[in-house]
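Each chain, written out:
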Amino acid sequence: MFDGIMASINRRSLLTGTVAMTAIAGTAKAADLPWNSSDAATTIFETPQFLLSLQDTSQTLVSLAPKGVAGGFDFCPSNRFTQRLDDGAYRLGDIDLRVRFEGETAWSDHSSAFKRAKVKALPKPKGALASADITASLGAGLPLKVVRTWEVKNGDLVLRFTVTNVTKQAVEIGGLGLAMVFDNIITGRDLETAHDVASFYDPYVGLDAGYLQVNRLNGQGPSLLVLPQTESASFELYKPILNERNPDKSLKIYNDPEPRNMTFEGFYSWMIHAGGFAETEWKGVQQWNATGIMTLQAGAALDYAVRFVLSPSIRDIEATLIKNKRPVAVGVPGYVVPTDMEAALFLHAPSPVKSIEVWPGGSMEIGAAQKVGSGWVRYALKAKHIPDFQGGRARVDITYANGTMQTVHYLLTKPQTEVVADMGRFLTTKQWYDNPADPFGRSPSIMGYDRDKNAIITQDNRVWISGLSDEGGAGSWLATIMKQLDNPVPEEVAKFEAFASQTLWGRIQEKDGPGQYGVRKSVMFYDETMPAGTYDASLNWKVWSAWDRQHAADLGRSYNYPHVAAAWWVLYRLGRYHDGLATGETWQTYLTRAGETTKAMMTKAPYYTQFGQMEGDVFVYILQDLKREGFTDLAGEVETLMKGRADHWKTLKYPFGSEMPWDSTGQAEVYMWARYFGDQHAADSTREVILAYDPTIPHWGYNGSARRFWDFLYAGKTSRIERQLHHYGSSLNAVPLFDAYRDKPADIQLLRAAYGGLMGSLTNIDSEGFGAAAFHSFPDAMHWDGMNGDYGMSFFGHAVAAASYLVDHPVFGWVGFGGNVRKDGDAIVLEPKDSARSRVFIAPAGLWLTLDAGKIAAVRYVPKTGQVSLTLAGATAKTPKAWLNVATTTAGGKTYTTSAPIERGAYRLKLGASETTIELTPKAG
């Protein structure tokens, strides 16, 4: 069945056409080209690392191609050069300025991209490739002279701006932004081409220690780093270059004409000074760093310069920074710090630390410096007070002896178990919808919530949001049931079972007839024949997203099925491994529904099953449980269907498509099935692609934050294209990274990125338990979205991956990711502090311990002998027994056993009233 479908599907039906790249050698003139414009003339230059080209008329950068990379790869969008010759089209080398004379209040805005004017070429200083007076291109009335120089310093390409005050008055610079224009344009490209030639870039807004990293979509090296070359080029703020227009349709200054949409996130500016924006457009918004205004005295000049450096790979970025004498910060376990967790900040810098402070004052406690070798210094860090007015945002401000300043950005939270408990209560109380008269049959249920109004969202013209399906509508009830996987509360489970039996089964999912097990796109719909007053008259219902009855009842969107399958799967596990939980149906019924929902996705919604599904790894877990329980026939059907998909993915270079032109949705499922069916090549390729858009950066918002920039449109309250911080892709993509780390625990990059994504999921939950879709990263917002939207998919990833990891780091020593670590004689003790406390990985032993029921209080590991002592928390009324799975995940790891009966592949352990300790012994040989 599946193979036949594959043959008839155009894999990238959403995009048509590919823009060809044009290679221009030497000096290209308009007469030699098929267009008639002097603006198309470019000149090629060579540096030790790059072949680059500059436009002759503007001396802006057209191409930046790293040497030795096959396929014509270019970090810049040179393939669209001739399509982007109009005013407003930014290139590397463009600069934005906001200025005023000292004592004035109004700002004057200037941009070298806004109205193109030929620059005045200047004699090239020693080592320079090109130099020009670009003042004329910045528009009339600028009280400054601006000279731009492209040069090579110590083999590195450097972009330098010399800004001179040519007046007799002091000038304030309230905005100075360097356009960072790299090829993140997916428009006009198929998925394979995009992975081969496009890049994504992310900022570390760390002031003098800040940098920009540009990673190729395929995860292969080299990566490009943009670094401050001068002390003045501090990375203060990251500003999007939008594409807004005036009422007369003319382009606004500081905007680019390239349409921003699902195929183009937009470009950005490296803001060196941003105080002029902070006091106007962004007034009252707390930025990442304190913003500044530079005063340039009459006749004074200042250089602003950045350099472009190649890192051999993503994993080598920090080593490259150190090689280039840049301060480097590494937070362990990351930059989201619960108040019960011990953390550490490791610094490596060419100059000693002069002072280290926290903001807001008293929010964190910083310990004394400890040298740990190889130039690293360790600072113990402890969250003391959660700054509510910032939603937990905090910062470590570091000043080095040479005057360099660095900021590291943290988010402080309650203990993880408390955060998750808050969410469970909020979902089953504030978001509990009980209205038997509901015209769409949505009661009882857990519905989406508007945090600004503090009200359930019963009406939205994106009908799925108020229709309990798709990601935006299913998110809240999915979060509710996934919370019960590791932390069940009887009252919450009972409410969910009421929803499952009355609304999920029979309303969202067909329970009988030819469509049995099919999942609707939405329970809510728009129909003019409904009684007057049914719909909110203030909303526009004449839009594509207001599906009618037929479209809402459609069973053909595969992405709706994992949510439902996950619900039945968790109910099965609650009923199977606990006493008196999930009693509405038998565990056999719940597991059967999970398996049948998996089959229904393949038969009733086959089109998009060519792609990985968000939460699609749940199908792996369902299949494993079907096999464990002896559901042989159903397991065989599911496995055959899934192998058809995996076999198809094996034929693709980049099997990561979705209904969107590019996505970070399906990688987790593709990876998990590749591992399941033994396709290690596909798994490795998937792993590297995830690392390309899951950065490890000293910033809670970006660390482990998987790329997503369009889902505020479909499931957010502030609906726009915007880099979303910790959207559900973060935790979903953490799942395969954790698995890959357990396979190769020497690869610490995998663990750091995965842990950042896992913890990022909790940052969306506020102090009362409301879980927002994602964080708005643009400087006019800097807040969590006002709706739940698709947050539940994020918590799915968190729930299935939450664990504690014990690591013997080659430089940092014994550290914990998810738990606190201490030495006890010849042993190392890990006390889990993660939200689940039911999974532990001991990296040196390659030992993966997971509980189907029960809680881990501590793990004691003796490195010399490999002996492991596992301490379990006491029994509860609903959980009198623990079920322990013991696996060795590394090739050289030893097998561990204990003395206890085995059922369904797990050790069955009777729990006592207090803690129970069992011994796990490695087999000899």
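The paragraphs below set out a description of the structure included in this document. Residue positions are given per chain, counting from 1 as you read along its sequence in written order. A pLDDT threshold of at least 70 governs which residues receive local features in this predicted model, and a stricter bar of 80 or more applies before side-chain atom pairs are shown or counted, although totals over entire chains, interfaces and linings include all residues. With hydrogens and water excluded, all non-hydrogen atoms of the structure serve as input to the side-chain values.

Topic: the pairing of strand E36 (residues 813-817)
Reasoning step 1: When strand E35 (residues 804-809) meets E36, the two strands line up antiparallel, connected through five bridges. Within the sheet, the bridge partner assigned to Asp-808 lies in E36 and is Trp-814.
Reasoning step 2: When DSSP finds at least two bridges between two strands, those strands are taken to pair. Counting from the N terminus, the helices are the DSSP runs of H or I reaching at least four residues and the strands are the DSSP runs of E reaching at least two. Hairpin remark: E35 followed by E36, antiparallel, with three residues in the connecting loop.

A few points about the environment of Met-482
Reasoning step 1: With respect to the element layout, Met-482 can be found in helix H6 (residues 470-486).
Reasoning step 2: Taking the relative accessible area as the measure of exposure, Met-482 reaches 0% and is therefore buried.
Reasoning step 3: As for Met-482 and Ile-253, which are separated by 229 residues in sequence, their C-alpha atoms are 46 Å apart. Three labels apply to residues, based on accessible area from a 1.4 Å probe with only protein chains included: buried if under 20% of the type maximum, exposed if over 50%, partly exposed otherwise in between.

Describing the nonpolar core
Reasoning step 1: The set of buried Ala, Val, Leu, Ile, Met, Phe, Trp, Tyr and Cys residues whose side-chain atoms join them within 4.5 Å is what this entry labels a nonpolar core. Grouped together as the largest cluster of nonpolar side chains are 260 residues, with contacts concentrated most on Phe-182, Phe-308, Trp-477, Met-482 and Trp-569.
Reasoning step 2: Counting residues per element, this core draws most heavily on helix H9 (residues 561-577), which supplies 12 residues.
Reasoning step 3: Setting aside its immediate chain neighbours within four residues, Trp-477 contacts Ile-446, Leu-468, Phe-496, Phe-499, Leu-504, Ile-508, His-563, Val-564 and Ala-567.
Reasoning step 4: One finds Leu-830, Ile-856, Tyr-907 and Ile-918 within the second-largest nonpolar core, a separate group that totals 23 residues. Note on contacts: a residue pair qualifies if any of its non-hydrogen atoms lie within 4.5 Å across the two residues.

With respect to the packing of aromatic side chains
Reasoning step 1: Centres within 6.5 Å make a pair out of two Phe, Tyr or Trp rings, where for Trp the six-membered ring is used; the pair is then stacked when the planes are under 30 degrees apart, edge-to-face when over 60, and tilted otherwise. For the structure on display, the rule yields 57 aromatic pairs.
Reasoning step 2: Between Tyr-805 and Phe-841 the ring centres are 5.8 Å apart and the planes differ by 55°, which places this aromatic pair in the tilted class. On the criterion of sequence distance, the pair formed by Tyr-805 in strand E35 and Phe-841 in strand E39 (residues 839-842) is long-range, its members being 36 residues apart. Of the two residues examined, Tyr-805 and Phe-841, each falls in the buried class.
Reasoning step 3: Members of the aromatic cluster, connected to one another through ring pairs, are Phe-182, Tyr-201, Phe-235, Tyr-238, Tyr-268, Trp-270 and Phe-778.
Reasoning step 4: Look at NZ for Lys and CZ for Arg. If either is within 6 Å of the ring centre and within 35 degrees of the ring normal, a charge sits over the ring. For the cation-ring pair, Lys-521 lies above Trp-547, with the distance from its terminal atom to the ring centre recorded as 4.1 Å.
Reasoning step 5: Looking at Arg-576, its charged tip hangs above the ring of Trp-587, at a distance of 4.0 Å from the centre.

Observations regarding the layout of surface pockets
Reasoning step 1: Think of a 1 Å grid over the protein atoms and nothing else: a 1.4 Å probe that fits but is trapped marks a cavity, an open set flanked by protein within 12 Å on at least five of seven lines marks a pocket, and residues with an atom within 4 Å of a point count as lining. Grid points are joined across faces, edges and corners, and a volume is the space filled by probe spheres set on the points. Empty space within the largest pocket amounts to approximately 1,400 Å³.
Reasoning step 2: Residue lining of the largest pocket: 48 residues in total, with Arg-839, Trp-848, Thr-850, Asp-852 and Asn-885 positioned closest to the centre.
Reasoning step 3: Among the secondary structure elements, those contributing two or more residues to the lining of the largest pocket are H6, H9, helix H11 (617-628), helix H13 (667-676), helix H16 (729-743), helix H18 (791-801), strand E40 (847-853) and strand E43 (881-888).
Reasoning step 4: Looking at side-chain class alone, the lining of the largest pocket contains 24 nonpolar, 11 polar and 13 charged residues. Lys, Arg, Asp and Glu make up the charged group, whereas Ala, Val, Leu, Ile, Met, Phe, Trp, Tyr, Cys and Pro make up the nonpolar group; the residues left over, Gly among them, are polar.

Quick notes on empty space enclosed by the protein
Reasoning step 1: Tallied over the full model, the rule gives eight cavities of 30 Å³ or more.
Reasoning step 2: Size it by volume and the largest cavity reaches roughly 80 Å³.
Reasoning step 3: What lines the largest cavity is simply Leu-61, Val-62, Cys-76, Pro-77, Ser-78, Arg-80, Phe-81, Arg-84, Tyr-90, Arg-91, Leu-92 and Val-181.
Reasoning step 4: In terms of residue class, the lining of the largest cavity is made up of eight nonpolar, one polar and three charged.

Structural notes on the packing of helix H17 (residues 748-763) against H18
What describes two packed helices is the angle between their axes and the distance between those same axes.
Reasoning step 1: Orientation of H17 relative to H18, taken along the N-to-C sense of each, is 130°, at an axis distance of 9 Å. Classed by the angle they form, the pair H17 and H18 counts as oblique. Our pair here, H17 against H18, has a crossing hand that is left-handed. Only Tyr-791, Ser-794, Phe-795, Gly-797, His-798 and Ala-801 of H18 make contact with H17, whose side of the interface consists of Leu-758, Ser-761 and Leu-762.
Reasoning step 2: The residue makeup of the contact of H17 with H18, split by class, is five nonpolar, four polar and no charged. Here the axes come from fitting lines to C-alpha atoms, over the contacting stretch only for helices, and the angles between their N-to-C directions go from 0 to 180 degrees. Should an angle lie under 35 degrees it is considered roughly parallel, over 145 roughly antiparallel, and from 65 to 115 roughly perpendicular; all remaining angles are considered oblique. Left-handed is the label given to a crossing in which the near helix is rotated counterclockwise from the far helix by less than a right angle, and right-handed is the label when the rotation is clockwise.

A few points about the side chain of Ser-545
Reasoning step 1: By the secondary structure assignment, Ser-545 is in the loop between helix H7 (490-504) and helix H8 (549-552).
Reasoning step 2: Not counting the four nearest positions on each side in its chain, Ser-545 is found in contact with Asn-461, Arg-462, Val-463 and Trp-464.

Quick word on the sheet that holds strand E32 (residues 724-725)
Reasoning step 1: Strand order in this open sheet of three strands is E32-E33-E34, and the pairing throughout is antiparallel. If you trace the sheet from one side to the other, it starts and ends with E32 and strand E34 (783-784), each paired once.
Reasoning step 2: Inspection of the sheet shows E32 paired to strand E33 (residues 775-776) by two bridges, in the antiparallel sense. Looking across to E33, one finds that Leu-725 is bridged to Phe-775.

Some remarks on the sheet that holds strand E26 (residues 393-400)
Reasoning step 1: What the four strands build is an open sheet, ordered E20-E27-E26-E22; its pairing is mixed. Because the sheet does not close on itself, it has two edges, and the strands there are strand E20 (336-338) and strand E22 (353-359). Neighbour-to-neighbour, the strand axes of this sheet turn through a mean angle of 30°, independent of strand direction.

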